[in-house]
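Examining the three-dimensional arrangement
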Amino acid sequence: MNISEKIKNSVLNCAEKIPFSGSVLVQQDQTIHFKEGFGYANRSEKLKITPSTKFGMASGCKIFTSVSICQLVQAGKLSFDTRLKDVVNVPFPHFHPDITIHQLLTHTSGIPDYFDEEVMDDFEDLWKQVPMYSIKTPKDFLPMFQNEKMKFSPGSKFAYNNSGFILLGLVVEEVSGQVFPEYVQEHIFDACEMTDSGYYRMDQLPEQTALGYIDNLEMDTWKTNIYSLPIMGGQDGGAFTTVTDLVKFWDGLLNLKLLNKEYLDQLFFPHVKSGEETAYGYGVWILKQKGEILKYFILGFDPGVRMHSSYNVKTNIQTHILSNIEQSVYPIVSDVDGLFADVNTGGTPGRIW
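Throughout this document, residue positions are counted from 1 along each chain, in the order its sequence is written. In view of the model being predicted, local features appear only for residues whose pLDDT reaches at least 70, and side-chain atom pairs are presented and counted only at 80 or more, with totals across whole chains, interfaces and linings using the full set of residues. Side-chain calculation: all heavy atoms of the structure are included, whereas hydrogens and water are not.

**Some words on the side chain of Ser66**
- Locating Ser66 in the fold gives a position in helix H2 (residues 62-74).
- Between buried and exposed lies partly exposed: a residue is buried under 20% and exposed over 50% of the maximum accessible area for its type, with that area taken using a 1.4 Å probe on protein chains only. On the basis of relative accessible area, Ser66 is assigned to the buried category, the value being 0%.
- When checking whether two residues touch, look at their non-hydrogen atoms; a contact exists if any pair is within 4.5 Å. Ignoring any residue separated from it by four or fewer positions in sequence, one finds Ser66 in contact with Leu105, Phe165, Leu267, Tyr282 and Gly283. By the criteria applied, helices consist of DSSP H or I runs no shorter than four residues and strands consist of E runs no shorter than two, each listed in order from the N terminus.

Okay, structure coming up:
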C-alpha cells in the first residue's frame, strides 16, 4: 500500500464504537499525502463531509488568542509582564494583584476556572444555571468565575485553565479597540486567507458546516450539540475552520505572516512543563523527544467536537483532523506519526497523550 492508502486504512480502522466522522489532511511541505472527508455533516439530511466542511475547534482555537496577544506585544501595546489589573477594568475581589499576561497564556495564573474539572466532568452541566444562549462575549463568562477564590499562587504551577483565555480575550478587546472575533478575523483569518474560518453563532451556522453529534450508544440515539455549548464561541474555544484552512494558518504562522521571528519564538518556546514529554508555549502544546522539540500541536475537546492539528519539526508533516463526534482521534495521529517516523528516521515518536 502507498502512504495515502495506509492513512485511509488507519482512519477506517480507528473506530472505537462508531465509524470516524470528520476530515483528515496530511501534508509534507507542499505535497498532500491525504485529504478526505468521512461520515455526515448533517445526519438527518445525509449531507456528506468533505475536506471543505467547517468544524468546531473547541480549545484548539486558543492559539488564535495567543497569536493575537503576541501581535499586540510585538506592536508595543503591552508586554508579557503586563499585569491583568492594569489592562482590564473589571473587579476580581479575590484575584492576586500581580497576575500577568504571561501567566494567563501559560495556564500558571492560579485563577479559578469556570469549567473546573475537579468539580465537574460534563461541560453541559455549566448551562444548568447559566443559559448557553446568553454567552455571546467575553464579559458574559465573568459571573461564572470572577468572584471565586484563587486556586494557587500565580506562577507556582501549571493547571489548564479556560478562564485565563477569557481574560486574554478581554485584554485583546481593551488594547486593540476591536471586539475579539473581528480582531481575529482581520489579523489572523484574513492575513492567512482562511476564507472558511470564523466565529459563528450555533443557531446561524453557514453552509458546509458540520453539526456536532453526541451519541448515546446504550439507547442507540443521538442529538446535536447546539444546547451543549455557548451560542457564540470566542477566546477559549468555539471557532470553526476546515482542514484546508488549518494548513493556511500553520503556513502563515511559520512563514512569519502573523508574527516576526522574535515573537514566533516566544509563542513556540516551552515556557512550562506539562507532562513527562510535553510542555506548553503560548496557546500551543509542545512534544519533546530526547530533550529536542519534535512537534507543535493544538487540541480541541467539546461535546460533539474533537480535533488535532500539528506541525512536526523533524519531518515537516502537518496533520489536521477535525471531527464532529465524541471519539478519540489519537489513533489516527499516532499512526501518521509512526508512518512518517518510519519513512524518515526509522523510529517511532513518543505519545502525546
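**Overview of the pairing of strand S2 (residues 31-38)**
- Between any two strands, at least two bridges found by DSSP are needed for them to pair. Across 7 bridges, the pairing between strand S1 (residues 22-28) and S2 is antiparallel. Note on S2: the bridge partner recorded for Ser23 is Gly37.
- In this structure, the hairpin formed by S1 and S2 is closed by a connection of 2 residues, where Asp29 is found at a positive phi of approximately 55 degrees.

**Things to note about the environment of Val130**
- With respect to the element layout, Val130 can be found in the loop between helix H3 (101-105) and helix H4 (138-141).
- Overall, the relative accessible area of 23% leaves Val130 in the partly exposed class.
- Residues Val130 and Ser10, spaced 120 residues apart in sequence, show a C-alpha to C-alpha distance of 40 Å.
- What Val130 contacts, discounting residues up to four positions off in sequence, is Ile135 and Met144.

**Topic: the nonpolar core**
- Definition of nonpolar core: a set of buried residues of the types Ala, Val, Leu, Ile, Met, Phe, Trp, Tyr and Cys, connected through side-chain atoms within 4.5 Å. Within the largest apolar cluster, 87 residues are counted, with the highest numbers of intra-cluster contacts made by Phe64, Leu167, Phe249 and Leu253.
- Discounting chain neighbours no more than four positions away, the residues touching Leu253 are Ile63, Val67, Leu258, Leu259, Leu264, Leu267 and Phe268.
- Grouped together as the second largest cluster of nonpolar side chains are 16 residues, Ile7, Phe20, Phe38 and Val329 included.

**Here's the deal with empty space enclosed by the protein**
- Definitions used for this entry: grid spacing 1 Å over protein atoms alone; cavity, a set of points where a 1.4 Å probe fits but cannot get out; pocket, an open set with protein on both sides within 12 Å along at least 5 of 7 lines; lining residue, one with an atom within 4 Å of a point. Grid points are joined across faces, edges and corners, and a volume is the space filled by probe spheres set on the points. Under the criterion given, the structure shown has 1 cavity of 30 Å³ or more.
- Taken as a whole, the largest cavity holds about 50 Å³ of empty space.
- What lines the largest cavity is Lys136, Thr137, Pro138, Phe141, Pro181, Met232, Gly233, Gly234 and Gln235.
- Gly is put with the polar residues, along with every residue not named as nonpolar or charged; the nonpolar set is Ala, Val, Leu, Ile, Met, Phe, Trp, Tyr, Cys and Pro, and the charged set is Asp, Glu, Lys and Arg. In terms of residue class, the lining of the largest cavity is built from 4 nonpolar, 4 polar and 1 charged.

**Quick notes on the pattern of salt bridges**
- By convention in these notes, a salt bridge is any Lys or Arg side-chain nitrogen within 4 Å of a carboxyl oxygen on Asp or Glu. With the rule as written, the count across this model stands at 10 salt bridges.
- Where Asp215 meets Arg43, a salt bridge forms, and the shortest distance between an N and an O atom there is 2.9 Å. Of this pair, Asp215 sits in strand S6 (residues 213-216) while Arg43 sits in the loop between strand S3 (40-42) and strand S4 (47-48), and the two are 172 residues apart along the sequence.
- Residue Asp215 is classed as partly exposed on the basis of its relative accessible area, which comes to 24%.
- The exposure class assigned to Arg43 is buried, which follows from its relative accessible area of 19%.
- Residue Asp196 pairs with Lys54 through a salt bridge whose shortest N-O separation is 4.0 Å. One end of the pair, Asp196, is in the loop between helix H6 (180-189) and S6; the other, Lys54, is in the loop between S4 and strand S5 (55-56), with 142 residues separating them in the sequence.
- Its relative accessible area of 26% is what places Asp196 among the partly exposed residues.
- Given the relative accessible area of 6%, Lys54 is considered buried.
- The structure contains a network of salt bridges with shared partners spanning Arg83, Asp86 and Asp98.

**Comments concerning helix H1 (residues 3-13)**
- Listing the buried residues of H1 in full gives Ile7, Ser10 and Val11. Looking straight down H1, one finds that the buried residues subtend no more than 100 degrees of arc, so they occupy a single side.
- Each polar contact in these results corresponds to two N or O atoms within 3.5 Å; when the atoms are within protein, one needs to be able to donate a hydrogen and the other to accept it, and residues that are neighboring in sequence are counted only if both atoms are side-chain atoms. Between a side-chain oxygen at the N-terminus of H1 and the backbone nitrogen of Ser4 the separation is 3.2 Å; the capping residue is Asn2. What the arc covers is the set of directions going from the helix axis to the C-beta atoms.

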